[in-house]
Amino acid sequence: MKKKIAAALLCTALILQTTACGSQPGQTQQAPESTGQQETPEENTETENAATQNDTDVPNADGAQAGAGDSAQNTPAADDTGLAADSIGPVSFTPNENGYYMVYGSNTLHAYFKRHNVIPGTGKLTVRKTADDSVVEEIDLNDTDKCTIGEQDSTFHLLGWDGGTHLIIRLQDVPAAGEAYYINLEEGAFTSQDGTIRSKPITDNTTWRYGVAAFGVIPSRPNGSDVFVGDTFSADILVRPPAAMARVENYDENRVRFNEKEFVQDGKLEIKIYQIGDDPFTVTFFDEEENPIGSITLTYTASMPPEPEEEAPRKSVTDL
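Read on for a plain summary of the structure. Quick caveat, the model's predicted, so the values are computed rather than measured.

**So, the overall build of the chain**
When helices and strands are tallied, the chain shows two helices and 22 strands. Across the 320 residues of the chain, 48% fall into the buried class. Here the analysis covers contacts within the chain between residues at least 6 apart in sequence; of these, 69% occur between residues at least 24 apart.

Here it is, written out as structure tokens:
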């Protein structure tokens, strides 16, 4: 199963020499030279062999991640040998057009960098609708409500990377099922922590594009909501082609539990919260060959329910 998953995601790898922001597992890009001159999309190359990534993909020597809000995390030091000194390094985008959809109900984009010290820069991210090139949303990546550093998740392992930087970009709205979008980025949208390396721009409609799937998750309480310990709520799981199965993953059973963990058709996921703090979980969708084709992570912040108010003492009634 793991070999199928790794092969499926790494098969989508794109070694991009022109940009530094992204969201597809396996897409890689390089940062601009000091001249800031943009390279054309035609210079991008695609590989079906994940081993070719190793020619240029080496983690950065800096161990600390910072600059994207309170979710910043520390990563172990890594050997930077082989990674161009003026390159932001390999980047992987999700969702992407190569079989890894944006799950309906999701509003997040993900950029995985093999470098360990990448942070949001000064450039802007623009989401456009493929049908008419209209602007759906513009995002200032320095806004910590919009762009934060995420956890070191299983995507790094699937890409064959020994860690790196995971950036999460949050869209304002949940995109519509069946729609297609693409991303443009200004130069310097992402930089190295010391500011000496800047990402190249993405100005075309092919480098980072994706479709919104018919399969997905519709929670009864919006993702990110505040809840109380002991609360029980639900989410509709939509298993629609090309998805053949959905599985609940990446959760702490001491914090959150479910009535079911796998769905092979549309169903109702019951969610119960057990501890205070952030209670995240992921729903991953798989095709008929058990390859992952999209995922959505939901997080709820739980607190203790308020103490019930004491009733005022009843006055005795005396017959007059």
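Read on for the rest.
**Things to note about the packing of aromatic side chains**
Applying the stated rule across the entire model yields 10 aromatic pairs. For the ring pair phenylalanine 258 and phenylalanine 281, a centre distance of 4.9 Å and an interplane angle of 65° mean the geometry is edge-to-face. Remark: phenylalanine 281 occurs in strand 21 (residues 277-286) and phenylalanine 258 occurs in strand 18 (residues 256-258); sequence separation between them is 23 residues. A relative accessible area of 0% means that phenylalanine 281 is categorised as buried. Connected via pairs of aromatic rings, a cluster forms that spans Tyr101, Phe215 and Phe285. Positioned above the aromatic ring of phenylalanine 286 is the side chain of arginine 247, whose terminal nitrogen or guanidinium carbon lies 4.7 Å from the ring centre. Over the ring of tyrosine 274 we find arginine 257; its NZ or CZ atom is 4.8 Å from the centre of that ring.

**Observations regarding the sheet that holds strand 22 (residues 292-303)**
For sheets, the rule is that strands pair by backbone hydrogen bonds, running either parallel or antiparallel. The five strands lie next to each other as 15-22-21-17-19, forming an open sheet whose pairing is mixed. Single-partner strands in this sheet number two, and they are strand 15 (226-228) and strand 19 (262-263). As defined by bridge partners, strand 17 (residues 245-249) adjoins strand 19 across two bridges and the pair is classed as antiparallel. What sits directly across from arginine 247, in strand 19, is glutamate 262.

**So, the pattern of salt bridges**
For the structure on display, the rule yields 11 salt bridges. For lysine 124, the salt bridge is made with glutamate 138, and the minimal N-O distance between the two is 3.5 Å. Of this pair, lysine 124 sits in strand 8 (residues 124-129) while glutamate 138 sits in strand 9 (residues 135-140); the two residues are 14 residues apart in sequence, bridging distant segments of the chain. Judged by relative accessible area, which is 48%, glutamate 138 ranks as partly exposed. Of the charged contacts in the structure, one is a salt bridge between glutamate 249 and arginine 247, with a shortest N-O distance of 3.8 Å. Residue classification places arginine 247 among the buried positions, given a relative accessible area of 19%.

**Things to note about the sheet that holds strand 6 (residues 108-113)**
Reading across from one edge, 4-6-11-10 is the order of the four strands in this open sheet, with antiparallel pairing throughout. At either margin of the open sheet sits one strand with a lone partner, and together these are strand 4 (91-94) and strand 10 (147-149). Between one strand axis and the next, the sheet turns through 20° on average, direction left out of account. Here three bridges tie strand 10 to strand 11 (residues 165-170), and the two strands are oriented antiparallel to one another. In the sheet register, cysteine 147 faces strand 11, and the bridge partner there is isoleucine 169.

**Description of the layout of surface pockets**
To find the voids left in a structure, one rolls a probe of water-molecule size over its atoms. By volume, the second largest pocket amounts to about 170 Å³. Gly105, Asn107, Val174, Pro219 and Asn223 are, among the 14 residues lining the second largest pocket, the residues nearest its centre. Residue assignment for the lining of the second largest pocket shows that the elements contributing at least two residues are strand 14 (209-219) and strand 22.

**Considering the pairing of strand 14**
Looking at chain direction, strand 5 (residues 102-104) and strand 14 are connected through two bridges and run parallel. Opposite methionine 102, over in strand 14, you have valine 212 as the bridge partner. Pairing of strand 12 (residues 180-185) with strand 14, which is carried by three bridges, proceeds in the antiparallel orientation. Paired with tyrosine 181 across the bridge in strand 14 is tyrosine 210. Bridge count for strand 14 against strand 16 (residues 232-238) is four bridges, and the pairing is antiparallel. Along strand 16, the bridge assignment pairs glycine 216 with leucine 238.

**Notes on the environment of aspartate 226**
When you line up the elements, aspartate 226 lands in strand 15. Counting along the chain gives 74 residues from aspartate 226 to tyrosine 300, while the straight-line C-alpha distance between them is 5.9 Å.

**Digging into unusual backbone geometry**
Residues threonine 94 and proline 95 are joined by a peptide bond in cis, for which omega reads 0°. In this structure, proline 95 sits in the loop between strand 4 and strand 5. In this model, proline 241 is joined to proline 242 through a cis peptide bond whose omega is 5°. By secondary structure assignment, the location of proline 242 is in the loop between strand 16 and strand 17. Positive phi is not limited to glycine here, since aspartate 133 has a value of about 65°. Relative to the assigned elements, aspartate 133 resides in the loop between strand 8 and strand 9.

Rules used throughout
- Residues numbered from 1 in each chain as written.
- Predicted model: local features only at pLDDT ≥ 70, side-chain atom pairs only at ≥ 80, totals over all residues.
- Heavy atoms only, no water.
- Helix = DSSP H or I, 4+ residues; strand = E, 2+ residues; numbered from the N terminus.
- Buried < 20%, exposed > 50% of the residue type's maximum accessible area, 1.4 Å probe, protein only.
- Contact = heavy atoms within 4.5 Å.
- Phe/Tyr/Trp six-rings, centres within 6.5 Å; stacked < 30°, edge-to-face > 60°.
- Lys NZ or Arg CZ within 6 Å of the ring centre and 35° of its normal.
- Pairing = 2+ DSSP bridges.
- Salt bridge = Lys/Arg side-chain N within 4 Å of Asp/Glu carboxyl O.
- Axes fitted to C-alpha atoms, helices over the stretch in contact; angles between N-to-C directions.
- 1 Å grid on protein atoms, 1.4 Å probe; cavity = no way out; pocket = protein on both sides within 12 Å on 5 of 7 lines; lining within 4 Å.
- Points joined across faces, edges and corners; volume = space filled by probe spheres on them.

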